[in-house]
Amino acid sequence: MRIIAPSVLSADFGHLAEDLDMINRSEADWLHVDVMDGTFVPNISFGFPLMKPFKQYCNKPLDVHLMIVHPERYVERFCDVGAWSVGFHLEAVDDPMPILELIKAKGVRTCLTINPDIDVKRLVPYLDKVDMVLLMSVFAGFGGQKFIPETMDKIRFIKAEIARRGLNTLIEIDGGVNRENAHALFDAGADALVAGSAVFGAKDPIETIHFLKSQNNIL
Ligand code: DX5
Ligand code: ZN
């Protein structure tokens, strides 16, 4: 699949409704929502109050990426305020299974994510338990960082494992995605690309989303 999920973290919050209107008019598939708590990551973004305008002004599914400790305390509330998918970090929890169950019980799609320093093999036992895995291609916490090239091999590894087991689990890539690397990412087996600064920092965000989405995928 070739899913493009612009990250609202890079939007202009003084003109949020306009930026969300741009997303609505674009070929973006999802709106990626980065929630940071200042503890799991050294940055604080936003939380529940902004889910309301995201939901109200954006007609694309909300792909929520929790960069927080104790996601078990908050996942249900994110489901209740309109998340279409809820993801949290494997390295932030002892056992992801009960948290995945909380999300599933709300009828919301599940995603497990890992930072670049976490062994990608740790995702393997959960590939048949989640709708999607998110491989961070920068360290979670800030938009506008440089893509870590080692991500490519991790995508190939996870893609092969998903294919070998005949699963439908999606692979999402987040961090430093741009016009230069989107093609290679889809080629390696990524299904969904998050793009923050590449979209919102572009002169023509709608054209950029179109460009990213039209990169070839061998599958
Ligand atoms: C980083 C966030 C990303 C970020 C991506 O912690 O998870 O979603 O917004 O931004 P860019 O595309 O600028 O790297
Ligand atoms: Zn993210």
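What counts, and at which threshold
- Residues numbered from 1 in each chain as written.
- Chains lettered and ligands numbered in written order.
- Predicted model: local features only at pLDDT ≥ 70, side-chain atom pairs only at ≥ 80, totals over all residues.
- Heavy atoms only, no water.
- Phe/Tyr/Trp six-rings, centres within 6.5 Å; stacked < 30°, edge-to-face > 60°.
- Buried < 20%, exposed > 50% of the residue type's maximum accessible area, 1.4 Å probe, protein only.
- Near = heavy atom within 4 Å.
- Polar contact = N/O pair within 3.5 Å; in protein donor to acceptor, adjacent residues only side chain to side chain.
- Areas by Shrake-Rupley, 256 points an atom, 1.4 Å probe, with all protein chains shown as cover.
- Helix = DSSP H or I, 4+ residues; strand = E, 2+ residues; numbered from the N terminus.

Undergrad: When you look at the packing of aromatic side chains in this model, what are you seeing that I'm missing?
TA: Inspection of the entire model under this criterion finds five aromatic pairs. When the ring of F46 is compared with that of F54, the centres are 5.5 Å apart and the planes differ by 75 degrees; the resulting orientation is edge-to-face. Overall, the relative accessible area of 11% leaves F46 in the buried class. Grouped by ring-pair contacts, the aromatic residues F13, F46 and F54 constitute a single cluster.

Undergrad: Quick question: what am I supposed to make of the site of ligand 1 here?
TA: Taken together, the neighbourhood of ligand 1 is formed by 20 residues, with D34, G141, D174, G196 and S197 sitting nearest. Note that an oxygen atom of ligand 1 is positioned 2.8 Å from one of the backbone N or O atoms of G144. One nitrogen or oxygen atom from the main chain of G176 is found 2.8 Å from an oxygen atom belonging to ligand 1. Protein chains bury 100% of the 380 Å² of accessible surface belonging to ligand 1 in isolation. For the shell around ligand 1, the secondary structure elements donating two or more residues are β2 (31-36), β3 (62-67) and β8 (192-195). A per-element tally of the shell around ligand 1 places β2 first, with three residues.

Read these as geometric descriptors, not functional statements.
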